[in-house]
Amino acid sequence: MRRLLACVMATLLLLAGACSSTTASGPVTINVTIVSGKVSPSGAKYDVSKGSTVTINVTSDSADTVHVHGYEIEKDVVPGTPLVITFTADQTGSFEVETHVIEATIATLNVR
Amino acid sequence: MSADALTITLLQLPAHGIGSRKDLPLPFEYVVVGAAVIVTATFWFLTRSWRQVRLSTLGGRALPRFSRVLSSPAVRLVTGLLVIVFWAWFAMALISGKDLVTNPVFGVVFVLLWVGLVPVSLLGGALWRGLHPVRTVAGWFRPADRRSLLGRIGVYPAALGILVWGWFELIQPDRATLPVLRGFVIGWVLLVVIGTLWRGVGWIGSADPFEAYAATLSRLSPWQWQDGTLRLVSPLRNLGSWHPPAGTSALACALLGTTAYDSFSSTTWWIRFVQASDLPRWLWGLVGMVSMVTIVAGLYVAGIAALRWGLTVRTGLLETADSFSTGLVPIVAGYALGHYLTLLVIEGQRTVIQLADPLGQGWNVLGLAENGVVATPLTYPTVTALAQLLFIVGGHVLGVIVAHDRAVALLRNEAMRRAQLPLLSVMVVYTVGGLVLLFSP
């Protein structure tokens, strides 16, 4: 019984330790459009390496608020005027970028 | 790392782990195949070398002195008072607190209660029962216990309660606003209090989804009461010697299905699909959650249906499903820890800090407000991902072991391997499905 569990654990560790991960580094730019209550991109995932610059360009045909979770950046977007949000991704984790009026998920930033 | 380094606003994210998707240190396909191989190999090993029932008795060591201390009136009174003070504090924040994310009530319900009960029950056994506010008060007034009905309905009401909770926790659009949370807490109090007055404290174990969930997980803990004495036992024997109440398989499937939906609903393609649709999001959420629970339950019942020909004594489908549901318990525990442990670590600390100031008046009770959230263990995504993987695969391996022991007890010898194969396939599908959902893009 104990031997069985030990075997299982060893296999798992061996499997998981076999290789190491690579994450692309460099700045990340996300171009966001909000047209008649629909966002694009919609629920997309972005890999961001810690320390890189993230730029989010937003154009919208309605007044809305864009919220970057975790970094607690909240900015209003005015119809017709492009909004630019720039920050350094200095915290690891998974952070959602959302709109607060139409309540849609634009993207998730996986910072590591 | 600063205190708010890993802030996730509960307002938008009531039940998501931080960094729910973490890169594993090797190609994901290898991990999934490896996990499936491990579960299958465990089964193969068991059918060769585990031919006698080994887990049917509790065993372990009796702890009479410790039991006497735990059951002494003084300990009961102090615990009871602490429980009442905590819940009175909670009620104060719920009734007169501000409708802000910083109100601790959200963290108490979504994190300390819902996620906290998992480690409390796995490490502390029946401890959760002792912390139940209604049970505590009922213990002082002793309403009449009428259990006749409860034997038949088992934990079916609690299974239904888990689905309602799933709707509230994962779908209800305004769940993180104070009025909606108040409504749900009042609903819960009415359900538990009226039922207890009607049927005695036995009702709590039948109908309170949190209590039934905690009681089920406590069978995987190293503690068990037997004839009024607490015993230190092997967790596997604790679970293997259990005869679950009716509806335990429904409860487990409701838990697995709602957890699966939680992962599923944050996949890119589901978000994209729902956001492109003109139908309301809550409707899609409901469809998604019900589908997940149906798939999980359907697979399990199919596995059980395909096993019944091998039974020594033929029992009904649902009765057989409940007998084998001990095998689902470690899987439920594995998923709960894999999905929500990071949430408990981070948001649990934040909630405790927020409890210093329940009304948003700048209080600093017990100096709690001076603390910051310590997120050090989560700064290594690989470690987090590895732990998640261990919980899920480990849960399935333990599930296969416990289910096999039950099979040895209930199946005819010549049918042993063949009758179990469909159920094993279900376990492998659960493993693969669970990993794909947890680590899906």
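Residues numbered from 1 in each chain as written. Chains lettered and ligands numbered in written order. Predicted model: local features only at pLDDT ≥ 70, side-chain atom pairs only at ≥ 80, totals over all residues. Heavy atoms only, no water.

1. Here we look at the overall build of chain B
Here is the rule we go by: Secondary structure counts use DSSP, requiring at least four H or I residues in a row for a helix and at least two E residues in a row for a strand, with both numbered from the N terminus. A 1.4 Å probe rolled over the protein chains alone gives each residue an accessible area, and that area as a share of the maximum for its type sets the label: buried under 20%, exposed over 50%, partly exposed in between. Residue contacts follow a heavy-atom distance rule, with two residues in contact if any of their heavy atoms lie within 4.5 Å. Here, Shrake-Rupley sampling with a 1.4 Å probe gives the accessible areas, and only protein chains in the shown set may cover a residue.
Each helix and strand counted, chain B has 20 helices and three strands in total. The 441 residues of chain B split such that 54% are buried. Looking at chain B alone, contacts between residues at least 24 apart form 81% of all its contacts between residues at least 6 apart. Entry remark: accessible area of chain B is about 18600 Å², with carbon and sulfur atoms responsible for 68%.

2. Regarding the confidence of the model for chain B
For clarity, the cut-off: The pLDDT value tells you how sure the predictor is about a given residue, anywhere from 0 up to 100.
Here chain B shows a mean pLDDT of 89. Residues at 70 or above account for 92%. The low-confidence segment residues 1-21 of chain B (pLDDT under 50) makes 78 contacts with residues lying over four places distant or belonging to another chain.

3. Structural notes on the sheet that holds strand S5 (residues 64-68) of chain A
All names here are of chain A. Put simply, the test is: Note on pairing: DSSP must find at least two bridges between two strands before they are called paired. As a rule, the C-alpha atoms of each element are fitted with a line to give its axis, helices using only the stretch in contact, and angles between N-to-C directions run from 0 to 180 degrees.
Pairing in this open sheet of five strands is mixed, and the strands run S3-S9-S8-S5-S6 from one edge to the other. Each of the sheet's edge strands pairs with one partner strand only, and the pair in question is strand S3 (44-48) and strand S6 (73-77). Neighbour-to-neighbour, the strand axes of this sheet turn through a mean angle of 15°, independent of strand direction. Two elements, strand S8 (residues 93-99) and strand S9 (residues 105-111), share six bridges in a ladder whose sense is antiparallel. Bridge pairing in S9 links Ser94 to Asn110.

4. Considering helix H7 (residues 133-141) of chain B
Residues and elements named next belong to chain B. Considered for burial, the residues of H7 that qualify are Pro133, Val134, Arg135, Thr136 and Ala138. Lining the buried residues of H7 we find helix H3 (73-96), helix H6 (127-130), helix H10 (178-199), helix H11 (202-207) and helix H12 (209-218). In the stretch just after H7, Arg142 is the one whose phi turns positive, near 50°.

5. A closer look at the nonpolar core
Across soluble globular proteins, you tend to see nonpolar side chains buried next to one another. This is how it is decided: Here, nonpolar core refers to any group of buried Ala, Val, Leu, Ile, Met, Phe, Trp, Tyr and Cys residues whose side-chain atoms link them within 4.5 Å.
Formed by 97 residues in total, the largest nonpolar core has its most connected members in Trp114(B), Tyr213(B), Leu217(B) and Tyr300(B). Ranked by the residues each element gives to this core, the list is headed by helix H19 (residues 381-410) of chain B, at 11 residues. Setting aside residues no more than four positions away along its own chain, Tyr213(B) makes contact with Trp114(B), Leu117(B), Val118(B), Leu251(B), Leu255(B), Val332(B) and Ala336(B). Core analysis: the next-biggest nonpolar cluster, separate from the first, contains 26 residues, Val28(A), Tyr71(A), Ile73(A) and Ile106(A) among them.

6. Digging into helix H4 (residues 104-113) of chain B
Residues and elements named next belong to chain B. We count it as follows: We define a polar contact as two N or O atoms separated by no more than 3.5 Å, with the added condition that, inside protein, one atom must be a possible hydrogen donor and the other a possible acceptor, whereas residues neighbouring each other in sequence contribute only through side-chain atom pairs.
H4 sits mainly inside the fold: nine of its 10 residues count as buried. Among all positions of H4, only Pro104, Val105, Phe106, Gly107, Val108, Val109, Phe110, Val111 and Leu113 are buried. Between a side-chain oxygen at the N-terminus of H4 and the backbone nitrogen of Val105 the separation is 3.1 Å; the capping residue is Asn103.

7. Some details on the packing of aromatic side chains
Residues and elements named next belong to chain B. Stated formally: Two rings from Phe, Tyr or Trp (for Trp, the six-membered ring) form a pair when their centres sit within 6.5 Å of each other. Planes less than 30 degrees apart are called stacked, planes more than 60 degrees apart edge-to-face, and all others tilted.
Overall, the coordinates contain 24 aromatic pairs over all chains when judged by the stated rule. Ring centres 6.1 Å apart and planes at 50° place the aromatic pair Trp89 and Trp363 in the tilted group. Here Trp89 is found in helix H3, whereas its partner Trp363 is found in the loop between helix H18 (329-354) and H19, with 274 residues between them in sequence. Judged by relative accessible area, which is 25%, Trp89 ranks as partly exposed.

8. Examining the environment of Thr320(B)
Residues and elements named next belong to chain B. Looking at the secondary structure, you find Thr320 in helix H17 (residues 317-323). Owing to a relative accessible area of 1%, Thr320 belongs among the buried residues under this scheme. Discounting chain neighbours no more than four positions away, the residues touching Thr320 are Ile304, Leu307, Arg308, Leu311 and Thr315. Reaching out from Thr320, the side chain makes a polar contact with the backbone oxygen of Gly316 at a distance of 2.5 Å.

9. What about the packing of H3(B) against H10(B)?
Residues and elements named next belong to chain B. The condition that has to hold: Throughout, the term roughly parallel applies to angles under 35 degrees, roughly antiparallel to angles over 145, roughly perpendicular to angles from 65 to 115, and oblique to all others. Three residue categories are used. Nonpolar comprises Ala, Val, Leu, Ile, Met, Phe, Trp, Tyr, Cys and Pro, charged comprises Asp, Glu, Lys and Arg, and polar comprises the others, including Gly.
Between H3 and H10, whose axes approach to 9 Å, the crossing angle comes to 135°. In this view, H3 runs oblique relative to H10, as classed from their interaxial angle. Here H3 contributes Phe90, Ala93, Leu94 and Ile95 to the contact with H10, which in turn contributes Leu178, Leu181, Arg182 and Val185. Of the residues contributing to the contact of H3 with H10, the split by class is seven nonpolar, no polar and one charged.

10. Observations concerning the environment of Thr258(B)
Residue and element names in this part refer to chain B. Tracing the backbone shows Thr258 in helix H14 (residues 248-264). Under the relative-accessibility criterion, Thr258 is labelled buried at 4%. Each C-alpha atom, one on Thr258 and one on Ile162, is 8.3 Å from the other, the two residues being 96 residues apart in sequence. Beyond its immediate sequence surroundings of up to four residues, Thr258 is in contact with Ile162, Leu163, Gly166, Leu170, Met289 and Val293.

11. Focus: unusual backbone geometry
Residues and elements named next belong to chain A. A cis amide bond links Ser40 to the next residue, Pro41, at an omega of -5°. Along the polypeptide, Pro41 turns up in the loop between strand S2 (38-40) and S3. Here the phi dihedral of Glu72 falls at roughly 45°; this positive angle occurs in a residue that is not glycine. In this fold, Glu72 is placed in the loop between S5 and S6. Residue class for Glu72 comes out partly exposed when judged on its relative accessible area of 40%.

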